[in-house]
Amino acid sequence: MTINLIELIEKDITLTDGTRNLTVKGEAKNHKVYRIPLEYLFYNDQNGRIATWISKYNSDNDPLTLDDIEYYNSVLHGFIKKANENAFGKTKENIEMFGQKIAGVVLKNGRIIDGNRRFTCLREIAAEGEDLYFNAVILDTDAGISDKDIKRLELNLQHAEERPVDYDPIDNLVDIYRDLEQNKTFTIPEYVRNVNKTKTEVEKTLKKAILMVEFLEFINAKGKYYIARELNLDGPLQEMVGILNSIDEEKKEDVKSALFTALLTSRSGDLTRRIREIGKEIIKTKNADKFIEEYEEIVEEVYEDLQEEEEVDLSTINEKISTNVSLKEKSDNIIRRKIEQNRHETVRNKPVVLLNDALDALNAIDETVVSRMNEENKEEFEEVLKKIHETLNAYSEKLNV
């Protein structure tokens, strides 16, 4: 059933004495707030806070639709609550004590654009026996308000300085990926103007989001964002972005595949630390190519095992990779051996590095300034110079042993 909330004003929907200031289509003004029965409203399934939860549901079931609004709302109700149970509890307690203080924003068809958590709390309190309503601004989408205007408003509200984004970082990556890469709703400059972030921050987050999508494609789980959330990949992805930024373009795909494989086969509990270690001790060394070549067999085995599956989920990863002790041992042995080799090489090369540093320091001395030193400084300079000669002679003798 299609609902038009505007037609229900002064019937089931009543005007309150409240207003809420919103910027819509570049115009900031106070909008009237209405008292709306809960049964006329439904969740926004594009809400970034529950993106991974919806991807999990749609992976396990027929995709959610609005054919049965009550069922649709009951499913998303659970997602909103689980996404941040601590915040949900505080909001519910606050509403129970003081009522709904901040008005939401809804479209005339009943879709909630802002206030999903408050709506969920009201639904839960109402289920306990209270007669409640949702206070919200109603936006008339027939008044020239486009989908892009609505999304811009959502970003403004979600990223306002006084209300920082508080949902899972992977859900945030899904949100920014959809807006900037998949749907191309905004350009980066447009996005920056609507969120409380710098251009550099947005670009870094987008790189991480794209890397997350590429990881899911690598494991044959395209669009199953919940896997990235369950594996706690935000930290490892952040490390990978830094690693990939430091290497040549032609090597990136091989390095990316190796890092994805290392993530899946790691025996370390701290995946962020593991990826950081691989980056610092292997990928950013001159022996990176040797590692990629030796590790290629592991990469191919992992990739092929997952790509041959009709469908990949967490249980598939566990069955094919996580419980494959032999595969994980082979992977760990190669990584551990390469790290140890590079550390030993670093220790062996340390004298050469320090000597080059010393030479750079000596070359930085201005000969003209030396010639103009006073007698006291010249004597001190000669004394230090003598010690340098003695030290160099000692090193020369060691080389000839």
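Student: Honestly, the overall build of the protein chain in this entry has me stumped. Any pointers?
Tutor: Looking only at helices and strands, the protein chain features 17 helices and 5 strands. Its C-alpha atoms give the protein chain a radius of gyration of 30 Å, more than 25% over the compact-globule value 21 Å for 401 residues. Along the first, second and third principal axes, the C-alpha atoms of the protein chain reach 100 × 60 × 40 Å. A burial count over the protein chain gives 42% of its 401 residues as buried. The long-range share in the protein chain, meaning contacts at least 24 apart out of those at least 6 apart in sequence, stands at 72%.

Student: It is not clear to me how the nonpolar core should be interpreted in this structure. Could you clarify?
Tutor: Nonpolar side chains in soluble globular proteins tend to end up buried together. Of all hydrophobic cores here, the largest spans 60 residues; its most connected members are M212, I219, L264, I283, F291 and Y295. Tallying contributions element by element places helix α8 (residues 199-218) first for this core, with 9 residues. With residues near it in sequence (within four places) discarded, L264 still touches F215, F218, I219, V302, L306, I317 and I321. Judged by nonpolar contacts, the second largest core, of 32 residues, contains L8, F42, L76 and F79.

Student: What's the story with the pairing of strand β3 (residues 104-107) in this structure? I'm lost.
Tutor: Looking along a regular strand, one sees the side chains alternate between the two faces of the sheet. Across the two faces of β3 the burial is the same, with G104 and V106 and V105 and L107 all buried. Bridge analysis of β3 against strand β5 (residues 133-139) gives 4 bridges, and the strand direction is parallel. Looking across to β5, one finds that L107 is bridged to L139. Judged from the 2 bridges that link them, β3 and strand β4 (residues 112-114) form a sheet pairing that is antiparallel. Counterpart to V105 in the pairing with β4 is D114. Connecting the antiparallel pair β3 and β4 is a turn made up of 4 residues, with G110 showing a positive phi of about 100°.

Student: Quick question: what am I supposed to make of helix α13 (residues 288-307) here?
Tutor: Three or four residues apart is the spacing at which side chains of an α-helix point the same way, because the helix has 3.6 residues per turn. The sharpest bend along α13 measures roughly 45° and falls at Y295. Along α13, the residues that are buried comprise A288, F291, I292, Y295, I298, V299, V302, D305 and L306.

Student: Sorry if this is basic, but what is going on with the side chain of R20 here?
Tutor: Counting through the fold element by element, R20 comes out in strand β1 (residues 14-24). For R20, a relative accessible area of 13% puts it in the buried group. Among the polar contacts listed, one links the side chain of R20 to the backbone oxygen of A103, at a separation of 2.5 Å. A distance of 2.8 Å separates the side chain of R20 from the side chain of D114, its partner in a polar contact.

Cut-off values and rules
Residues numbered from 1 in each chain as written. Predicted model: local features only at pLDDT ≥ 70, side-chain atom pairs only at ≥ 80, totals over all residues. Heavy atoms only, no water. Helix = DSSP H or I, 4+ residues; strand = E, 2+ residues; numbered from the N terminus. Rg over C-alpha atoms; globule rule 2.2 N^0.38 Å. Buried < 20%, exposed > 50% of the residue type's maximum accessible area, 1.4 Å probe, protein only. Contact = heavy atoms within 4.5 Å. Core = buried A, V, L, I, M, F, W, Y, C linked by side-chain atoms within 4.5 Å. Pairing = 2+ DSSP bridges. Bend = angle between axes of the 7 residues up to and from the residue. Polar contact = N/O pair within 3.5 Å; in protein donor to acceptor, adjacent residues only side chain to side chain.

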